[in-house]
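Single-letter residue listing:
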Amino acid sequence: MTNSTPLNITIIGGGIAGLSAAWYVQQEAARQGVDITYTLVEQSDRWGGKILTETVDGFGARPFIIEAGPDSFLSQKPWAAQLARELGIADQFLPTNDGRRQTFILHNGRPTPLPDGVMLIAPTKIKPFVQSRLISPWGKLRMGLDWFIPPKMDDSDETLAQFIQRRLGQEALDKIAEPLLSGIYNADAELQSMMATFPRFRDMEKEHGSLIKAMLAAKKSRAQAPPNGNAPSMFTSFKPGMEELTLALRERLTGDCRLGIKVERLEIRDWRLTDPTPSPISNLQSPIYQLHLSDGSTLPTNAIILAVPAFVAAKLLAELAPQAAETLRQIRYVSTGTVSLAYKRDEIAHPLNGFGIVIPRSERRRINAITWSSTKFDHRAPEGYALLRIFFGGSRTPQMMDVPDEALLPIVQEELAAMMGITAVPLFHRIYRWQNSNPQYDVGHLDRVAAIEASLPPGIFVTGSPYRGVGVPDCVKQAKDTAVNVMSKLVIE
Ligand SMILES: Cc1cc2nc3c(=O)[nH]c(=O)nc-3n(C[C@H](O)[C@H](O)[C@H](O)COP(=O)(O)OP(=O)(O)OC[C@H]3O[C@@H](n4cnc5c(N)ncnc54)[C@H](O)[C@@H]3O)c2cc1C
């Protein structure tokens, strides 16, 4: 690589984080008017990583739209929606059917509604909470003590279990927080870092002295806010499915995008010690890296963004940055899977009157949750049909990952019969298994991430779900921040 060739940034991993990093490098280079090239390398035969939508036709005018990974993104975090607007696909936004929003929690084997007014975890309406069968009278009293318990004012981390036990008691943990809040992360509440997963609750505690007081204040300020007819739903998807986002991203990328190529090794090829021909882009002391690719070729590059799982980043950095690699290896992963089942609507007696059922660990079932996909969203099943999605594996039912498909399906059907009375034979099903898919933000996670970032060699960056948020919007934000950071380090104006 001579000084006359433009600087190159290589992004490894073509999931939402890698695709977004490429997009924001492209955007940033255009904005700054600098000549920077980028290469995006993805080992599999498709773009999108865990974002994967399958369409099944043949049952009427519209197809079934099945999500293998995420089915939506949290609207409150603006970065995924912002990206969709930049890509020109905002007209494809699909909000959840909030008129039918109701979450059920399995309680003694029966789906029991989460009481009206329970916001995230804390009650804000007295009557439905008092009347609910979900929590015992003692459990309700204990939750009420949150009002009086002094807040923890320091910033030290704790587990989700410790936080909920401290503020709301064991029953609130077992019946609400564990299935809802640990469920999102497929995490173990006894290990899950509060500061890395729900820092907002800690802020609320500090600011208002109690979670119930904080939720009531939030409710009041929402009520006082001017009415907003366009208020977004809590979760958003795209009409053709979540893959709309990654497909649109790939389409708009103008760089060198290589599919079916695995990065096998990284090394330092050279150092750019001096730049005799000053130019708008120059950097006097940067290493030039060399990537060894699975097709036998090599690729020189000035900066590398690792948008791969932490254990892959650890392997690639083992020689270049052993300390970073060691800490990257400490980020645990669990495996998860989903089973989507299609039915004729009239063969299911259950009203499907909500978004689905979450299942506390204490219920000891063989599945973790059920989403009533065709109630949660329009456009997911043809007229007269229903689509359900079942989650398994993770930290709650890890043994299910080893159950072969032919044995898994009857288990799922038994569970559906027991919880929802469904005995109909599904029209078809789809099983997706994601091995080592879910990074675990164990207590102390943010310190580990800071240590990793501090021990990376110059010109190497990590981004995506293993670090500062697993949700699609968090991955987009991290990718954007990383792209801006890489550009600012490479480009001296
Ligand atoms: C079942 C499931 C449901 C989920 N539901 C939701 C949800 O509803 N909402 C939400 O916001 N989030 C959800 N998530 C989380 C979210 O989908 C992920 O956190 C996010 O998609 C991860 O994106 P990423 O780019 O960080 O990683 P990935 O999607 O894992 O992408 C990493 C890419 O790197 C590639 N790669 C790995 N090694 C190499 C190598 N050596 N060379 C080249 N390429 C390599 C991989 O093939 C992969 O494509 C869900 C996750 C799962 C598994």
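Everything quoted here is computed from the prediction, not taken from an experiment.

### A short note on the environment of Leu-416
Along the chain, Leu-416 falls in helix H14 (residues 405–420). Look at Leu-416 and you get buried, because 24 C-beta atoms sit within 10 Å. When the C-alpha positions of Leu-416 and Ile-367 are compared, they lie 9.7 Å apart, and in sequence the two are 49 residues distant.

### Observations concerning the sheet that holds strand E21 (residues 428–439)
The strand order E8-E7-E18-E19-E20-E17-E21 describes an open sheet built from seven strands, whose pairing is mixed. Only two strands of the sheet have a single neighbouring strand rather than two, namely strand E8 (110–113) and E21. Within this sheet the neighbouring strands show an average axis-to-axis angle of 30 degrees, counted without direction. By the bridge criterion, nine bridges tie strand E17 (residues 333–344) to strand E20 (residues 385–393) in an arrangement that is antiparallel. Paired with Tyr-343 across the two strands is Ala-386, which belongs to E20. Along the sheet face, H14 touches strand E7 (103–107), E8, E17, strand E18 (356–358), E20 and E21 and points at about 100 degrees away from the line of E21.

### Here's the deal with the domain arrangement of the protein chain
When its domains are assigned, the protein chain resolves into domain 1 (7–47 + 245–331 + 441–490), domain 2 (53–100 + 333–439) and domain 3 (114–224). With centres defined by C-alpha atoms, the gap from domain 2 to domain 3 works out at 26 Å. Here the residues of the side of domain 2 that touches domain 3 sort into five nonpolar, six polar and one charged.

### Quick look at unusual backbone geometry
Positive phi, close to 50 degrees, is recorded for Asn-108, a residue that is not glycine. Mapped onto the fold, Asn-108 is located in the loop between E7 and E8. Even without being a glycine, Arg-364 presents a positive backbone phi close to 50 degrees. Checked against the element boundaries, Arg-364 lands in the loop between E18 and strand E19 (369–371). Looking at Arg-364, the number of C-beta atoms within 10 Å reads 9, which means it is exposed.

### Structural notes on the nonpolar core
The biggest cluster of nonpolar side chains holds 68 residues, and the ones touching the most others in it are Ala-21, Val-25 and Leu-306. The biggest single contributor to this core is helix H1 (residues 16–32), with nine residues. Three or more residues apiece are contributed to this core by two domains, here domain 1 (7–47 + 245–331 + 441–490) and domain 2 (53–100 + 333–439).

### Quick word on the packing of H1 against helix H10 (residues 243–252)
Where H1 contacts H10, the axes come no closer than 10 Å and their chain directions differ by 35 degrees. With respect to the hand of their crossing, H1 and H10 are arranged in left-handed fashion. The residues of H10 that touch H1, namely those facing Ile-16, Leu-19, Ser-20 and Trp-23, are Thr-246, Leu-249, Arg-250 and Arg-252.

Rules of the game
- Residues numbered from 1 in each chain as written.
- Predicted model: local features only at pLDDT ≥ 70, side-chain atom pairs only at ≥ 80, totals over all residues.
- Helix = DSSP H or I, 4+ residues; strand = E, 2+ residues; numbered from the N terminus.
- Buried ≥ 20, exposed ≤ 12 C-beta atoms within 10 Å, placed from the backbone.
- Pairing = 2+ DSSP bridges.
- Axes fitted to C-alpha atoms, helices over the stretch in contact; angles between N-to-C directions.
- Contact = placed C-beta atoms within 7 Å.
- Domains from an automatic or database assignment.
- Nonpolar A, V, L, I, M, F, W, Y, C, P; charged D, E, K, R; others polar.
- Core = buried A, V, L, I, M, F, W, Y, C linked by C-beta atoms within 7 Å.
- Left-handed = near helix turned anticlockwise from the far one by under 90°.

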